[in-house]
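# Architecture at a glance
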Amino acid sequence: MSSENDLREYPAPGITVTWDASRCRHATECVRGLPLVFDPTRRPWITPEAAAVDDVIDVVDRCPSYALGYRANDGRQRTAPEVVDNTAMSRFEIRLGETLAGFAEYQRANDLVVFSHTEIRKELKGNGLATRLITESLDMVRAQDLRVLPLCPFVIAFMAAHPEFAELDYRHR
């Protein structure tokens, strides 16, 4: 989770680029994509005025951690995904601004959360959204001192690949 102190803004004509230091995983997509705009040896390290708005947007859209975002004067924007527990629909949801990007359905019984199905919108697949959704969902479950029964194939595979969540699986207690 980020704090307001981690978010930096870099305004330029036509666009404001944002950078959330707490989300940054230094994948270097930005530096490789537009070294004139993104140069970690310079201060400020982001100078969006050094390239055309569309070129900046193209590179920021490739940031896998969503540490980079933007607000363009023409209304285009990219914000970090947010995971929420929609208890009324019994699902964790991942949202990109106002857009529902995906969800993980669950059933809850006493101290157990049964994950039954995970889905990400087709056009948004391949951006790590399912991983972020399940990571943050399991973190919320852990914070409530609940256990998990993974029935969804994605959640089963995710928990098998991430031993830091093993203690949540009710079968391993």
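First, a word on scope: everything that follows refers to the structure included in this document. (Residues numbered from 1 in each chain as written. Predicted model: local features only at pLDDT ≥ 70, side-chain atom pairs only at ≥ 80, totals over all residues. Heavy atoms only, no water.)

Residue P44 follows R43 across a cis peptide bond; omega there is -5°. Unusually for a residue other than glycine, Y66 sits at a positive phi of about 65°. Turning to its location among the elements, Y66 is positioned in the loop between helix 2 (53–60) and strand 3 (68–72). A positive phi angle is found at N110, which is not glycine, with a value near 50°. When you line up the elements, N110 lands in the loop between strand 7 (99–109) and strand 8 (112–120). Taking relative accessible area as the criterion, N110 reaches 78% and is therefore assigned exposed. (Helix = DSSP H or I, 4+ residues; strand = E, 2+ residues; numbered from the N terminus. Buried < 20%, exposed > 50% of the residue type's maximum accessible area, 1.4 Å probe, protein only.)

By size, the foremost hydrophobic cluster in this structure holds 26 residues, and its most contacted members are F115, L129, L133, L138 and M159. Elements represented by at least two residues in this core include exactly strand 6 (91–96), strand 7, strand 8, helix 3 (129–143) and helix 4 (153–161). The leading source of residues in this core is helix 3, at 6 residues. Apart from residues lying up to four places away in sequence, M159 is in contact with L138, V148, P150, F165, L168 and D169. If you look at the next biggest cluster of nonpolar residues, it comprises 21 residues, including I15, C24, V37 and I57. (Core = buried A, V, L, I, M, F, W, Y, C linked by side-chain atoms within 4.5 Å. Contact = heavy atoms within 4.5 Å.)

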